[in-house]
Amino acid sequence: MTGMRAAIWIVLVLILGAILNGPLAHRMALFGAAPDLLVIGVACLSLFLGRAAGAVVGFVSGLLMGSLTGEFLGAYAVSRAFGGFVAGWAPRFLLPQLWITGPVVTFLSTLTVDLVFLLIAPQNDLGSWVKLSILRSAYHAGLCVPLYLLLLRSMKTAANR
């Protein structure tokens, strides 16, 4: 994904993710794991953007999330940059054309984001954090499917022109 189409998708996903994350995330919580729509967006976008652009999108997403929450600005920015980098690296090993690639990469990217965040901003209860992180990663993997398929369709449409 390059050019204007990529820029439109990036802005659209980040702005909608930031707007919807506040009122929807806690209402969509499953077994205590609230989804982070910005992390899902970064993982899906990075698959089509590559490592460097994925890291930049992740960093901007982290700055946006840190600004909205008012805390852990640096931890959000750095952890999501790593998540975007990992997701952008995945097409070297997985075929982006397969629908299962999106959930697998989103799962791994979310685990990366959570692990880096843990290293920067340690948590008190490590056991419950691990359980919540794995649950949240699996939840993100399920929630990413519509966005990933939409991006995949957009890529096929652009290739056919």
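In this report, the structure presented in the accompanying data block is examined. (Residues numbered from 1 in each chain as written. Predicted model: local features only at pLDDT ≥ 70, side-chain atom pairs only at ≥ 80, totals over all residues. Heavy atoms only, no water.)

Remarks on the pattern of salt bridges
Close approach of charged atoms allows side chains of opposite charge to pair.
Moving on, step 1. This structure, assessed with the given rule, holds two salt bridges.
Moving on, step 2. The partner of R80 in a salt bridge is D36, with the nearest N and O atoms 2.3 Å apart. Of the two residues, R80 sits in helix α4 (residues 73–89) while D36 sits in the loop between α1 (3–25) and α2 (37–49), which places them 44 residues apart along the sequence.
Moving on, step 3. Judged by its relative accessible area of 4%, R80 falls in the buried class.
Moving on, step 4. The partner of R136 in a salt bridge is D114, and the shortest N-O contact between them spans 2.3 Å. Of this pair, R136 sits in helix α6 (residues 126–143) while D114 is found in helix α5 (residues 101–120), placing the two residues 22 residues apart along the sequence. (Salt bridge = Lys/Arg side-chain N within 4 Å of Asp/Glu carboxyl O. Helix = DSSP H or I, 4+ residues; strand = E, 2+ residues; numbered from the N terminus. Buried < 20%, exposed > 50% of the residue type's maximum accessible area, 1.4 Å probe, protein only.)

Some words on the packing of α4 against α5
Moving on, step 1. Two elements in contact, α4 and α5, have axes separated by 8 Å at closest approach and are oriented at 150 degrees. As far as their axial angle goes, α5 and α4 are roughly antiparallel. Note on packing geometry: the crossing formed by α4 with α5 is right-handed. Taking contact as the criterion, the partners of A75, Y76, V78, S79, R80, F82, G83, G84, V86 and A87 in α4 are, on α5, V105, S109, T112, V113, V116, F117 and I120. (Axes fitted to C-alpha atoms, helices over the stretch in contact; angles between N-to-C directions. Parallel < 35°, antiparallel > 145°, perpendicular 65-115°, else oblique. Left-handed = near helix turned anticlockwise from the far one by under 90°. Contact = heavy atoms within 4.5 Å.)

Quick word on the layout of surface pockets
Moving on, step 1. Counted as a void, the largest pocket has a volume near 670 Å³.
Moving on, step 2. Around the largest pocket sit 24 residues that line it, and A34, D36, M65, Y76 and R136 are the ones nearest its centre.
Moving on, step 3. Looking at the lining of the largest pocket, the elements that each hand over two or more residues are α1, α3 (51–69), α4, α5 and α6.
Moving on, step 4. Grouping the amino acids of the lining of the largest pocket by side-chain chemistry returns twelve nonpolar, seven polar and five charged.
Moving on, step 5. In this structure, the second largest pocket encloses a volume near 310 Å³.
Moving on, step 6. Forming the boundary of the second largest pocket are W9, L12, V13, L16, G17, L20, L37, I40, G41, L143, P146 and L147.
Moving on, step 7. Sorting the residues of the lining of the second largest pocket by element identifies α1, α2 and α7 (145–160) as the ones contributing at least two each.
Moving on, step 8. Here the element with the most residues in the lining of the second largest pocket is α1; it accounts for six residues.
Moving on, step 9. For the lining of the second largest pocket, a count of residues per class yields ten nonpolar, two polar and no charged. (1 Å grid on protein atoms, 1.4 Å probe; cavity = no way out; pocket = protein on both sides within 12 Å on 5 of 7 lines; lining within 4 Å. Points joined across faces, edges and corners; volume = space filled by probe spheres on them. Nonpolar A, V, L, I, M, F, W, Y, C, P; charged D, E, K, R; others polar.)

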